[in-house]
Amino acid sequence: MELEVIIGLEVHAQIATKSKMWCGCSNDDFDADPNMVVCAVCLGLPGALPVLNKKALDLALQTALALNCTLPAESKFDRKNYFYPDLPMGYQISQFDEPVSLDGHLKVDMKEPDESGNDRVVSQKTVGITRLHLENDAGKLTHEGDWSLVDYNRSGSPLMEIVTEPDMRTPEEARSFAEELQKILQTVGSSEANMYKGQMRFDASISLRPMGEVKLYPRAEIKNLNSFRSLEAALKYEIRRQKKLWAENAVPETETTVGWIEDEQRTQMMREKESAADYRYFPEPDLPSLSVTPEKTEELRAMLPEMPAVYRSRLKEQYALSDDEAEIAVTQMSLGRFFEEVAKATKNPKRSRTFVLNVLLGKLKEDTIDVSDSKVSVGHVVELIRAIDEGKISASVAKDVLEETYLTGKDPLSIINEKGLEQVSDTGELEVICDQILLENEKIVADFKGGKEKAFGALIGKVMAATKGQANPGVVNGILKGKLQ
Ligand SMILES: [Zn+2]
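Residues numbered from 1 in each chain as written. Predicted model: local features only at pLDDT ≥ 70, side-chain atom pairs only at ≥ 80, totals over all residues.

Let us look at the sheet that holds strand β3 (residues 78–81). An order of β4-β3-β14 is seen for the 3 strands of this open sheet, with the pairing classed as antiparallel. Strands with a single pairing partner mark the edges of an open sheet, and in this sheet they are β4 (91–94) and β14 (282–283). Of the strand pairs in this sheet, β3 and β4 are connected by 4 bridges, and their pairing is antiparallel. Considered in β4, the bridge of K80 is made with Q92. (Pairing = 2+ DSSP bridges. Helix = DSSP H or I, 4+ residues; strand = E, 2+ residues; numbered from the N terminus.)

Written out as structure tokens, the structure is:
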């Protein structure tokens, strides 16, 4: 029997605000000692009252708009009740039936490598977004031997939960969706979405059904995946596991919650999945309901920056970047901006591509640093490209100069002057050298005169070698042609 794979995602992303969701505690103190960034509110002490972080709300609404969601005029917060030691209030403030946003979608490029190994966009997948809502994070438990330690620094951090429709059909689609979503969050500036810091985490739901059937079968929800790689690997594992169940006529009858064991690359059953009724949701009495006016919606929409998909196609159209190069610019936003500034100033997109997205990127990759932390400025690269365009230096000399600027931060023109790297275009000077080369290489000259076209290239090579690569090849070409006629 042919089976179809059904995948949906729930993504939790920490909102990039200075303070937490309901109190004034810092939200960006990643390195603080345990339980040092807490107050009565985020510790859930009796009588402490929450106040909504307005910035968190605005960023979440902007993200929802970037995901093509609609913003209902009214929404509210609810208590999701459950006991766990990392949840000091005994409930999480979340949104149940009236979230801040609904009904969005995201288009995702699906890629495959071409013959030369470069990724090419081969199709597009549209994934429906059920909702994006707000809630607060819990604390963090660490288990050491017989002890469990709890750190409440993260308790009360603002989260967006983004829920998709079960629209994905392969682990690769789920991964591509998650990667694109990360870029959108980073572009909007609503989350750093740094997975190492736990700022973006996935729960993936997966079930199978016979191809052609419409109804959905009970799903397994894989909790707390914290990298793109584990998301893809866990889904692949679950497909194999569930296919086996179908083959053995043991189709899952209840929804389950499973965990991903990274070391063993397998999932493990944790419990039967909770339903909404288990949480006894009720409206949060300590927070008023929210209303968003159409004016507010338009104001937030107008503030949105250029989204990754638009940016990508503009880069490809305006600067003739390949799919791969555009992706580099979108993924490394500061390098993308750097490239655009260079291309605009030099009006030479081709050379800007070579020097920024090739040579400079290569150096940055070696040192795993961001361009904003390097010693090379936009001005440096512009100077260098102008020097090539004006015939002052050759492109190969320029690469060496850029390398030195990268290491020392030294101005390219000073390097060119100090090292005497300027290209020799002076006809008089080059004529003398050409005469010399012709005298010394009678055989090659004779070959050329006898009809061997290749011999001409050899003569140019000799002149270039004699000038240590600094002769202007165009000028040398002209002189030699004249002399050999
Ligand atoms: Zn607090």
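Let us keep going from here.
Now for helix α3 (residues 228–247). Since the α-helix advances by 3.6 residues per turn, residues separated by three or four positions end up pointing in the same direction. Here α3 spans 29 Å end to end across 20 residues, near enough to the 28 Å set by a 1.5 Å rise per residue. Turning to α3, its buried residues number three or more, namely L231, E232, A234, L235, Y237, E238 and Q242. Buried residues in α3 make contact with β1 (3–14), α2 (171–188), β10 (200–210), β11 (220–225), β12 (256–261) and β13 (266–272). Phi turns positive one or two residues past the end of α3, at N249, with a value near 60 degrees. (Expected span 1.5 Å × (residues − 1). Buried ≥ 20, exposed ≤ 12 C-beta atoms within 10 Å, placed from the backbone. Contact = placed C-beta atoms within 7 Å.)

What follows is about the packing of helix α7 (residues 333–346) against helix α8 (residues 349–367). Running from N to C, α7 and α8 cross one another at 150 degrees; their axes reach a closest spacing of 8 Å. Judged by the inter-axis angle, α7 sits roughly antiparallel to α8. For the element pair α7 and α8, the recorded crossing hand is right-handed. For the pair α7 and α8, contact is made by L335, F338, F339, V342, A343 and T346 and by P349, R351, S352, V356, L357 and L361, respectively. (Axes fitted to C-alpha atoms, helices over the stretch in contact; angles between N-to-C directions. Parallel < 35°, antiparallel > 145°, perpendicular 65-115°, else oblique. Left-handed = near helix turned anticlockwise from the far one by under 90°.)

Below, the discussion takes up unusual backbone geometry. The phi angle at N224 is positive, at roughly 50 degrees, despite the residue not being glycine. Position of N224 relative to the elements: it lies in strand β11. For A320, which is not a glycine, the phi torsion comes out positive at approximately 55 degrees. Relative to the assigned elements, A320 resides in the loop between α5 (308–319) and α6 (323–331). Take A320: there are 11 C-beta atoms within 10 Å of it, and that puts it in the exposed class.

Each assigned domain of the chain is listed here: domain 1 (3–298), domain 2 (308–418) and domain 3 (427–484). A straight line from the C-alpha centre of domain 1 to that of domain 3 covers 68 Å. (Domains from an automatic or database assignment.)

The subject of this paragraph is the pairing of β13. By the bridge criterion, 6 bridges tie β12 to β13 in an arrangement that is antiparallel. Note that in β13 the partner of T257 across the bridge is R271. Here β12 folds back onto β13 in antiparallel fashion, the turn holding 4 residues, of which Q265 has a positive phi close to 50 degrees.

What follows is about the sheet that holds strand β9 (residues 158–164). With mixed pairing, 8 strands are arranged side by side in an open sheet as β5-β6-β9-β1-β10-β11-β12-β13. A strand with exactly one partner marks an edge of an open sheet, and here the two such strands are β5 (101–113) and β13. With direction set aside, neighbouring strand axes in the sheet form an average angle of 30 degrees. Here β1 pairs with β9 via 5 bridges, running antiparallel. Residue pairing in the sheet places V11 in a bridge with I162 of β9. Contacting β5, β6 (119–136) and β9, helix α1 (residues 54–66) runs over the sheet at an angle of about 145 degrees to β6.

Now for the packing of helix α14 (residues 454–466) against helix α15 (residues 473–484). Contact geometry for α14 and α15: axes closest at 10 Å, N-to-C directions at 125 degrees. Comparing their axes, α15 and α14 come out oblique. At the point where α14 passes α15, the crossing takes the right-handed sense. Residues F456, L459, I460, V463 and M464 of α14 form the contact with α15, whose participating residues are P473, V476, N477 and L480. When grouped by side-chain class, the residues that make up the contact of α14 with α15 number 8 nonpolar, 1 polar and no charged. (Nonpolar A, V, L, I, M, F, W, Y, C, P; charged D, E, K, R; others polar.)

Let's shift gears to the environment of L438. Here L438 lies in helix α12 (residues 427–440). Sequence separation between L438 and L484 is 46 residues; the distance between their C-alpha atoms is 9.1 Å. With residues near it in sequence (within four places) discarded, L438 still touches V445 and K483.

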